[in-house]
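Structural overview for review
Residue strings, one per chain:
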Amino acid sequence: MTADIAACRAALAHLDIDDNPKTVRQKSRDFFWYSPILKEQLEDLTADLVIAPRSVDEVVEVLATCWKHNVPVTTRGAGTGNYGQAMPLFGGVVLHMKHMNEVLKIGADYFIAQGGAVIGDIEQSLREEGKEIRLFPSTMGSATIGGFVAGGSSGVGAIRWGGLRNPANIRRLRLVTMEETPRVLDLIGETDISKAAHAYGVNGVIVEVEMPADPAIAWIDVIIGVDSFEKSCELALLIGDEETLCKRMLSNFEAEIPQNYFGRHRPLLQADEAMLAVTVSKDCIDRLAEIVTGFEGATLRVRYDQLDAGTRLPAVFELAWNHTTLRALRTDPTITYLQMMLARPTMFETLRAIKSRFGDELMMHFEFTRFSGVVTPVGIPLVRHTSNERLEEIIQILELEIGAPVFNPHRITLEEGGMKKTNPHQLAFKRQADPKGLMNPGKMIAWDDPDWAPTPGKTYLFAE
Ligand code: FAD
């Protein structure tokens, strides 16, 4: 099966095509460079063309033409993914969703947006109607809703609603398949949605997303200093479990993270204080203040609603999730990161085991999320990187000796990344939706090796 790029380009010449090698290379990259391992593997990758469709009909035309000429297609939202998900391993076309960016409808409790709509723009449209989005990544200012569904996992709002794996958080996806005659399918219900959620676009192009919208809440960002990281975890659980406290985000950081990497927040904390960042509803801020006052060793350091005139601080979500890594990398380019889940009942033992084994080689921060209803810490520790061999060793120790499942952000495939467990059902769907295996090739091990089996006992975030 040889790709005929020239014939494909000629047939699609009337569309928005970019074949300038410089900009094509830019549009072939994402935030893979967070990982020193992926940086080595992917640095020189580039597509042949970037095509930006303006309508579902044009998506259908691109996919049918690429199918005919055996040209691989990798869909791109904003390219903010961290695992090289949006990078074309086998060249071909990057299908850029930048023109398909409309919010199509805002209903009583939902919205419908095109796959390339920027999440921040969706939130703004919803706010104008007295509503808000349920869940968003900390990159909401640039990331697209299709890219979030296909490449993301969780984010701000997950302490209230759980992550993308919670079936209630996605109502419908409209997907275009890559066949001789592409089909436009509406995926509804948990089983069907799971075919395209966190599937890196290997099954089709998401052209439309329908998600819940909730009544808008006035949120206030708060920063709390706590005299030890363990105690900041205890306080986070207290706040997390308190159902009368309506929260949008709950994250904590070992003291050295704000001290080393949060330049504008450093003066607001004591040098050895762990930091807890909470986004809480205005109605609940007094109750939160009461809880903090009653918790020994904790001090409410900053309320964003009470900042002096002229003081501007980044929203706390721009300190959390993978923004923590971004801020650390700006100061120290040798830093990298890991992602892991800690079981709530044993989280303190696990945390102690991690700290005693790794010391400050791993700087901890947790995003507290609702996981199957239980407030649970997702660890996104910063790693002081010395060598790729050591990084692999740390992952092995965490998984096999300490028992903390790692969602490995230093792997390019869905399965090895550890979030998505592909199964025969998904494989069967890919056989129908992408029979030639041209959609984002190389990202799904089960496609290339149907006999591949995951390591027994491995935990997956999206299990089905
Ligand atoms: P892209 O990077 O362009 O694409 C992601 C994947 O989806 C790729 O495999 C791509 O091929 C596929 N894809 C894109 N659009 C479509 C489509 N329309 N149809 C089918 N497939 C498609 N992630 C989180 O989940 N939570 C966070 O809080 C978070 N914080 C981050 C912070 C920083 C600083 C950075 C750099 C990354 C962070 N991420 C986070 C990762 C990423 O930003 C998000 O997952 C984001 O939603 C991806 O959207 P995107 O438009 O940039 O997608």
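Residues numbered from 1 in each chain as written. Predicted model: local features only at pLDDT ≥ 70, side-chain atom pairs only at ≥ 80, totals over all residues. Heavy atoms only, no water.

What surrounds the ligand is a group of 37 residues, the closest being Thr-75, Gly-77, Thr-80, Thr-144 and Ser-154. A distance of 2.8 Å separates an oxygen atom of the ligand from a polar backbone atom of Ser-153. In the environment of the ligand, a nitrogen atom lies 2.6 Å from a nitrogen or oxygen atom belonging to the backbone of Ser-154. Within the residue set of the shell around the ligand, elements represented by two or more residues are β3 (73-76), α6 (145-151), β10 (205-215) and α12 (323-331). It is α6 that provides the largest number of residues to the shell around the ligand, a total of five residues. By residue class, the composition of the shell around the ligand is 14 nonpolar, 22 polar and one charged. (Near = heavy atom within 4 Å. Polar contact = N/O pair within 3.5 Å; in protein donor to acceptor, adjacent residues only side chain to side chain. Helix = DSSP H or I, 4+ residues; strand = E, 2+ residues; numbered from the N terminus. Nonpolar A, V, L, I, M, F, W, Y, C, P; charged D, E, K, R; others polar.)

Bringing the packing of aromatic side chains into the picture now. Tallied over the full model, the rule gives eight aromatic pairs. Ring plane angle 80° and centroid distance 5.9 Å describe the contact between Phe-31 and Tyr-34, whose orientation is recorded as edge-to-face. A relative accessible area of 25% means that Phe-31 is categorised as partly exposed. Here Tyr-34 falls in the buried class, since its relative accessible area comes to 3%. An aromatic cluster is present here, built from Phe-31, Trp-33, Tyr-34 and Tyr-337 joined pairwise through their rings. Taking the ring centre of Trp-447 as reference, the NZ or CZ of Lys-430 above it sits at 5.0 Å. Of note, Lys-436 hangs over the ring of Trp-67, and the distance from its end group to the ring centre comes to 3.8 Å. (Phe/Tyr/Trp six-rings, centres within 6.5 Å; stacked < 30°, edge-to-face > 60°. Buried < 20%, exposed > 50% of the residue type's maximum accessible area, 1.4 Å probe, protein only. Lys NZ or Arg CZ within 6 Å of the ring centre and 35° of its normal.)

Right, let's talk about the domain arrangement of the protein chain for a bit. Split by domain assignment, the protein chain resolves into domain 1 (5-96), domain 2 (103-215) and domain 3 (219-305 + 314-407). Distance from the C-alpha centre of domain 1 to the C-alpha centre of domain 3: 36 Å. Taken together, the contact pairs nine residues of domain 1 with 11 residues of domain 3. Interface area, domain 1 with domain 3, both sides summed: about 810 Å², of which 59% is carbon and sulfur. Among the residues of domain 1 in contact with domain 3, Tyr-34, Pro-36 and Ile-37 are the three that bury the most area, contributing 67% of the side total. In this assembly, domain 1 and domain 3 are joined by zero salt bridges. (Domains from an automatic or database assignment. Contact = heavy atoms within 4.5 Å. Buried area = accessible area lost by both parts, 1.4 Å probe. Salt bridge = Lys/Arg side-chain N within 4 Å of Asp/Glu carboxyl O.)

On to the pattern of salt bridges. Pairing is possible between side chains of opposite charge, provided their charged atoms come close. For the coordinates displayed, the defined rule picks out 34 salt bridges. Glu-43 is the partner of Arg-29 in a salt bridge, and the nearest nitrogen-oxygen pair spans 3.4 Å. Taken together, the residues span a long stretch of sequence, with Arg-29 in the loop between α2 (21-26) and α3 (36-42) and Glu-43 in the loop between α3 and β2 (49-51) at a distance of 14 residues. For Glu-43, a relative accessible area of 23% gives the class partly exposed. We note a salt bridge from Glu-43 to Lys-39, for which the minimum N-O separation is 3.5 Å. Using a relative accessible area of 37% as the deciding quantity, one classes Lys-39 as partly exposed. Through salt bridges with shared partners, a single ionic network connects Glu-123, Arg-127, Glu-132, Arg-160 and Arg-248.

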